[in-house]
Amino acid sequence: MEVLTAVEIEHLPVIVKFVLHSIMPTNAQEVIAELRSKLDFPVSLPRSQENKIPKAGATDCEGLVLDVVRVAVRFQRTTAEAWLRVIETLTDDSQHKPIDLLVLFILHVNHHKQVESMFKSKVRLGRLKDSLLQSVFSRHASVLRNTFPAILATAQTLLRSMEPVVSIFGARLCCLAFCSFDSYCKQEVLGALVMHVCSGSTSETDAALDALQILARDHPADLSPFAVFIKGILDYLDSLDLGQIRRVFTVLTSLTSDPHPHIQDELHIVVRKQLSSATTKYKRIGIIAALVLVKMSSSCRGTQEECSDASELDDEVFKQVTSLLDLVRSCIERTPDAAALYFDELANLIQSNNLHTRLQTWIGENALSDFQDIYVVDVGVGGQMPSEGLPLRAKLCYNIEEEDNEGSIALNLLPLLSEAQAQGANPKTQLGAKRSASLLCMMPHFRLLWLSEKSLNEGKLETIDGLLSCPLYTADYDLIEGVDLLPRADREMLCTLLFFTLNWFRELLNAFSWQQDADMRSRVLCRLHNITEVQALLETCLTATQGYVPPAAHFDSNVGETAASTSTSSASAPKAIRKGKKSKVEVHNISTDSSQSEENAAEVWTNKTQKDKDVVDKDPGPVQLSAFRAYLRELDLETFDLLRAWPMSRTLLDPSQSSHTAAEVAQLGPKELVFLLNDLTAKLDHILIAPKRNLFRKSQSERGVGFSHLRERGPQRTVEFTLSLLPTICDHLDNVHSYFLAVQEKNDGIIDGPQVNVEEFEMTATCYQLLLRVLLALFSWGGFVQPENRSLFRSALSILAGRLQPGQASQNLDHLLGPTFSYLQVFAKTLPSCSSAVMLVNILVALGERTSTPHLSCSKTAAVALGFLKQVWLAPTGQRESGTKYNKALDSLLRVYLDYCEDVFAVIEDIAEKAVPEIIHADKDSSSPSYSTLTRLTFSIFFRAMFAALQKALKGIPGEKASDSSEEQLNKILTWNVAVQNFHRLVKLVKIFDGRTFLFTTLKYGRLFVETFQKQGMPLLDLSFKKHKNEVHNLLKSLQQSTRQLHHMCGHSKVRQDTGLTQHVPQLKRSMEALLYRVKASLALNHCPEAFWLGNLKNRDLQGEEISSQVAMAENTEGASEEPFQLLDDDIREGDNASESDPPGVVSSDESCSEEF
């Protein structure tokens, strides 16, 4: 190998070919590892020749060397597998070299599954940097061209991944291939991306669109000649959601300049065609496309001062844009849900700060003028509102102002809803010149209003702050006390009013939560308190109104898609909405709400109504509002600034402070904290944690409903905002921790004592778990492994470490990890439930995985998990936790402990030999003193987890090497001996715990253990047999006892005729038969085949009793042994000098033996 650094350039391919063809199976991995270290392009060239060899010559040398490697890995399986193992063992990103990627693309031809799996694993762990990828494509493009099919196939596989980190890497691979190769390759890459966009898979489409947007942004000149391919996506818009359609039109509009100006004309044709359609779905597509054209035509590309100059926007462009907006408005005025989408999309354009100030001013003058006329009314004398002709008793509700209501304004909900239902009941009603005033558009219209005011008034909302405090003219919610007695129509109207009320309050939070004025923030917190009240009322109404479908709240998805309705339009001058009397302006609006489809109604209630609809007496149970998230307006991330407003109400920590003053109402109580944290965790789980692949595409698309604003922000900006909230999250954690410490002091150190207020305890425990979920979602983000995001991870650790040791910001990650773990371990003393304990342990696991030295955190994580396993978990009622949720949490704790403990074999032995005997003769409620969570009811969880951990530990035992010394071989044999003994301990427990679960687990993992021993253990025994005969003999003897018991389980499963068990029997017997002959081959290899003696094994049950069907057969085989095989000690000791008089092996064709083998 030393010759490679000094050989002439023209001789390098010959030397490499000689080395690769000289590889033996026993030293393949070692030779490939050394060859890889010497063969690093372009460093592998001799230093004396680097300046003498032209670039073309170096490239030719690289191509010849890679051709040699290609031939070797294609026809020599050992060489290919050695390359894969060497690259797989690289654990640090700095260890990877360009040669690794080049060889992986070569290996893809015959080992595509292994190569693609390795790419996913290394990208997921952050071991393949973007800088390495960029270097390979920029410096080795000519040799990579020969592997283009492999590059494209790998990129397509990565694009299909559900994990954002992996799919982003696949998009990056496509972009580099597009920019580095010739036009043929560009066309193939673009064709593949278009195919993925039209695949129908949400994650796959998003990843492909990411790649197209990168190319359109960074390389528009290279992408422009292939615009016709991208335009073909327009034929498949039906398979895309509105967010994806927006991105498609964004890519197309970026290619409308020369040399393809005709594309813009075609896009305008598409817009007019879609807007003129009578189908709401196509109107939505037209709205999206039209507003994308508006954005591209009038976007602000200069500085803020330049954009503020009204003359900067060309008059002709301004006229085209305003004409297009007028066209959209005229086409959607009779379709409320399409109008609502128009308002939402226009609001998003204003929020993005991409529109010129002149256009924003025009929007404020023409599109926002009628909100006050439609939805706001004056309060009558004495604060009363007329209620004649309304289906429900009306009342002014949720007024924040303390003065008299007379002369103030109110939101007109109930009359508008009543009028809309009247119009819907009489479809022949002529609307005349009045335009539809649907409540469906109220929240989108208000969002456009406040965003426009914020943009034009430098963030001030003084002109509309009256809407924050004004009451709502709605039904008297005292009717909900007797909601079961109301007619079905009245119950549905109550539910509809409550949904509109709740969504109005949520939009108010979006508008005013970021205001810094103390009075304004106090009123915002009052609205937050109102939200929790309305949610409780709404759950009561929904429980009494089974089958009800709410009005739509999100209009950029197909969930809750509504039918079309009729309306007309007009415009008036905008007015300021302030506290006080409303101006007398002519009202131009009447509306009918869109009705929901029956298919969506059945969908929403699938998991909320009784399964058997024929059973009338069955109670469906209370309805949880979380199931209706798709019908609630999305909260912006800025809303969670309310977490910083005030700490959690101190009445929990000091019950004496239970006043009802205005200051107390304005505090952030536990219910309000739970509401905010529930929404925050849902957002972080959606944007940061990769979802599991779902075969049902409809479920995949519905998962994104209610997160459109969050997706526009992206994961990185979401993490940055969450880091700004992290100190506040820690403050709330400390408050909740103090509460449980106080509870422990009052109950003599017991967190679940008899004096605990159950309702208060459960609410605070929910806050605790949600706060931990925020930390878990944050640190589970896969983007932290990317180099550009390492600073964000360091900032997060600095915040947590600084809670105990201030001034930790300048330290590296490894130094910050210790204080961070110490801070989080403090909460282990006060966790109220096993589920919360799992959250904390998973946070520690995620932190350890994100560092460069994860082994440093293993012992701390294992210690915390062990403490939880030895803790008695009690419910607030004083009883032990139980149920499916508890069992799942306990299984997670146990698996983490077994994965991170120092010696898993010792732990399994301790549980099997010490803890399990403590519960054998105890009752079902008694627990083991060693592990308080171990009872007879939970032992099946321990049993399954120990088997899984044992099987996982076998893969970590080093394999055999010809270069191993005698001592190293002995250590490996002893390790296998300990593993086999633990396996035998677990198998023996089935005699005592003979339930179906234990049999199923043993049959499943027994086969895996036998197969792993055959693949990894037997090659070691082949090499070590002559030097360590006694150790090998004892190991096989121990394994023989376990396989005998496995055979008894197979017979027992057949007697019970349990198909769930018997399906594992054939594979297990096949594995044991293969092991039998593998042992025989090993003895023959070491020249002592006479030591192997084969006989019959009778079928017995778990207790060793012979199965009755085998008794008669046994009488005919009296001389047969009861062992499947037997190793004669003398023959093993003598080896190939065994005496010829030793009894020969007995091979029988008896049925019982053939079933075993």
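Residues numbered from 1 in each chain as written. Predicted model: local features only at pLDDT ≥ 70, side-chain atom pairs only at ≥ 80, totals over all residues. Heavy atoms only, no water.

With an unreviewed UniProt entry as reference, the protein chain is termed Fanconi anemia group D2 protein, source organism Eptatretus burgeri. The record held by UniProt for the protein chain lists under Sequence similarities (unreviewed entry) the comment "Belongs to the Fanconi anemia protein FANCD2 family." (UniProt positions renumbered as here; feature names shortened; annotations may be inferred.)

*Asks:* Teacher, can you tell me more about the overall build of the protein chain here?
*Replies:* When its secondary structure is counted, the protein chain shows 50 helices and six strands. Expressed as a percentage of its 1157 residues, the buried residues of the protein chain come to 54%. Considering only contacts within the protein chain whose residues lie at least 6 apart along the sequence, 78% involve residues at least 24 apart. Accessible surface for the protein chain amounts to roughly 50,300 Å². Of this, 50% is attributable to carbon and sulfur atoms. (Helix = DSSP H or I, 4+ residues; strand = E, 2+ residues; numbered from the N terminus. Buried < 20%, exposed > 50% of the residue type's maximum accessible area, 1.4 Å probe, protein only. Contact = heavy atoms within 4.5 Å. Areas by Shrake-Rupley, 256 points an atom, 1.4 Å probe, with all protein chains shown as cover.)

*Asks:* Would you mind going over the sheet that holds strand β1 (residues 376-378) with me for this structure?
*Replies:* Hydrogen bonds between backbone atoms are what pair the strands of a sheet, whose relative direction is either parallel or antiparallel. If you trace the four strands from one edge of the open sheet to the other, you get β1-β3-β4-β2, paired in mixed fashion. The open sheet has two edge strands with one neighbour each: β1 and β2 (394-397). Direction aside, neighbouring strands of the sheet carry axes that sit 45° apart on average. Examined bridge by bridge, β1 and strand β3 (residues 409-412) share three bridges and lie antiparallel to one another. Note that in β3 the partner of D378 across the bridge is I409. In the packing of helix α26 (residues 488-512) onto the sheet, the strands contacted are β3 and β4 (472-475), and the crossing angle to β4 comes to about 155°. (Pairing = 2+ DSSP bridges. Axes fitted to C-alpha atoms, helices over the stretch in contact; angles between N-to-C directions.)

*Asks:* Can you walk me through the pattern of salt bridges in this structure?
*Replies:* Two side chains of opposite charge can pair, provided their charged atoms sit close to one another. Throughout the structure, instances matching the rule amount to 36 salt bridges. The salt bridge involving D67 is made with R70; its shortest N-O contact spans 2.4 Å. One end of the pair is D67 and the other is R70, both in helix α3 (residues 55-75) and three residues apart, which spans about a single turn. For R70, a relative accessible area of 27% corresponds to the partly exposed category. Between R803 and D731 there is a salt bridge, with its nearest N and O atoms 2.8 Å apart. Taken together, the residues span a long stretch of sequence, with R803 in the loop between α35 (790-801) and α36 (813-825) and D731 in helix α33 (residues 715-746) at a distance of 72 residues. You can call D731 partly exposed: its relative accessible area is 38%. Three or more residues are tied together by salt bridges with common partners; here these are D344, R447, E507, R633 and D636. (Salt bridge = Lys/Arg side-chain N within 4 Å of Asp/Glu carboxyl O.)

*Asks:* Explanation requested: helix α19 (residues 315-332) in the structure shown.
*Replies:* Working note: α-helix, 3.6 residues per turn, so residues spaced by three or four point in the same direction. Taking 1.5 Å as the rise per residue, α19 with 18 residues should run 26 Å; its terminal C-alpha atoms sit 26 Å apart, in good agreement. Within α19, burial applies to F318, V321, T322, L324, L325, V328, R329 and I332. Take α19 and look down its axis: the buried residues cluster within an arc of 155°, on one side only. Every exposed residue of α19 that faces more than 90 degrees away from the buried side is listed here: D315, E316 and K319. (Expected span 1.5 Å × (residues − 1). Arc of directions from axis to C-beta.)

*Asks:* Help me understand the nonpolar core in this model?
*Replies:* Nonpolar side chains in soluble globular proteins tend to be buried together. Ranked by internal contacts, the top residues of the largest apolar core, which has 349 residues, are F446, W504, F779 and F939. Residue contributions to this core peak at 14 residues, all from α26. When neighbours within four sequence positions are excluded, F779 is seen to be in contact with F784, F793, A796, L797, L800, I843, A846, L847 and R850. (Core = buried A, V, L, I, M, F, W, Y, C linked by side-chain atoms within 4.5 Å.)

*Asks:* When you look at the pairing of β3 in this model, what are you seeing that I'm missing?
*Replies:* Successive side chains on a regular strand alternate, one facing one side of the sheet and the next facing the other. Across two bridges, β3 lies against β4 in parallel orientation. Residue pairing in the sheet places N412 in a bridge with Y473 of β4.

*Asks:* Before we go on, may I ask you to explain the environment of L643 in this structure?
*Replies:* One can find L643 in the loop between α28 (598-604) and α29 (662-665). Not counting chain neighbours up to four residues away, the residues in contact with L643 comprise L668, L673, L676, L677, L680, L725, T728, I729 and H732.

*Asks:* Honestly, the packing of helix α17 (residues 280-298) against α19 in this entry has me stumped. Any pointers?
*Replies:* In a pair of packed helices, the angle between the axes and the distance between the axes together describe the arrangement. Running from N to C, α17 and α19 cross one another at 165°; their axes reach a closest spacing of 10 Å. Regarding the angle of α17 to α19, the classification is roughly antiparallel. Here the hand of the crossing between α17 and α19 comes out left-handed. Packed against α17, whose contacting residues are K283, I287, A290, L291, L293, V294, S297 and S298, the element α19 presents V317, V321, L324, L325, V328, C331 and I332 at the interface. When grouped by side-chain class, the residues that make up the contact of α17 with α19 number twelve nonpolar, two polar and one charged. (Parallel < 35°, antiparallel > 145°, perpendicular 65-115°, else oblique. Left-handed = near helix turned anticlockwise from the far one by under 90°. Nonpolar A, V, L, I, M, F, W, Y, C, P; charged D, E, K, R; others polar.)

*Asks:* Would you explain helix α42 (residues 939-954) in this entry?
*Replies:* Counted at 1.5 Å a residue, the expected span for α42 with its 16 residues is 22 Å, and the 23 Å between its end C-alpha atoms agrees. For α42, a buried count of 14 out of 16 residues is recorded, marking the element as mostly surrounded by other parts of the structure.

*Asks:* Got a minute to help me understand the packing of α36 against helix α37 (residues 834-849) in this structure?
*Replies:* The N-to-C vectors of α36 and α37 enclose an angle of 175°; their axes lie 11 Å apart at closest approach. Our classification of the angle between α36 and α37 gives roughly antiparallel. Contacts between α36 and α37 pair L817, T820, F821 and L824 from the former with L840, I843, L844, L847 and G848 from the latter. Of the residues assigned to the contact of α36 with α37, the class counts are seven nonpolar, two polar and no charged.

*Asks:* Can you help me understand the confidence of the model for the protein chain in this one?
*Replies:* Atom-level detail of predicted coordinates should not be read off regions where pLDDT is low. Per-residue confidence for the protein chain gives a mean pLDDT of 79, with 78% of residues at or over 70. This stretch, residues 695-699, has a pLDDT under 50; its non-local contacts, to residues over four places away or in other chains, come to five contacts. (pLDDT = per-residue confidence, 0-100.)

*Asks:* Before we go on, may I ask you to explain the packing of aromatic side chains in this structure?
*Replies:* Scanning the entire structure with this criterion turns up 35 aromatic pairs. Pairing Y398 with F505 gives two aromatic rings, centres 5.4 Å apart and planes at 90°, and the pair type is edge-to-face. On the criterion of sequence distance, the pair formed by Y398 in the loop between β2 and β3 and F505 in helix α26 is long-range, its members being 107 residues apart. Its relative accessible area of 0% is what places F505 among the buried residues. With a centroid separation of 6.1 Å and an interplanar angle of 55°, the aromatic rings of F499 and F628 are classed as tilted. Taken together, the residues F499 in helix α26 and F628 in the loop between α28 and α29 connect sequence positions 129 residues apart. On the basis of relative accessible area, F499 is assigned to the buried category, the value being 0%. A connected cluster of aromatic rings, assembled from ring pairs, spans F939, F943, F947, F983, F993, F998, Y1005 and F1009. (Phe/Tyr/Trp six-rings, centres within 6.5 Å; stacked < 30°, edge-to-face > 60°.)

*Asks:* Help me understand the side chain of D344, please; the structure alone is not making it clear to me.
*Replies:* Note that D344 resides in helix α20 (residues 336-351). Under the relative-accessibility criterion, D344 is labelled buried at 11%. Once you skip the residues sitting within four places of it in the chain, D344 turns out to touch P444, R447, F555 and R633.

*Asks:* Just to check I follow, could you spell out the environment of A216 for this structure?
*Replies:* Relative to the helices and strands, A216 resides in helix α12 (residues 202-218). When the C-alpha atoms of A216 and V251 are compared, they prove to be 6.0 Å apart, with 35 residues separating the residues in sequence. With residues near it in sequence (within four places) discarded, A216 still touches L223, V251 and S254.

*Asks:* When you look at unusual backbone geometry in this model, what are you seeing that I'm missing?
*Replies:* Across residues other than glycine, the phi torsion is negative in most instances, and most of the peptide bonds are trans. The phi dihedral of Y398 is positive, around 60°, even though this residue is not glycine. Positive phi outside glycine occurs at E458, with the angle close to 60°. Structurally, E458 is set in the loop between α24 (442-456) and α25 (466-469). Judged by relative accessible area, which is 74%, E458 ranks as exposed.

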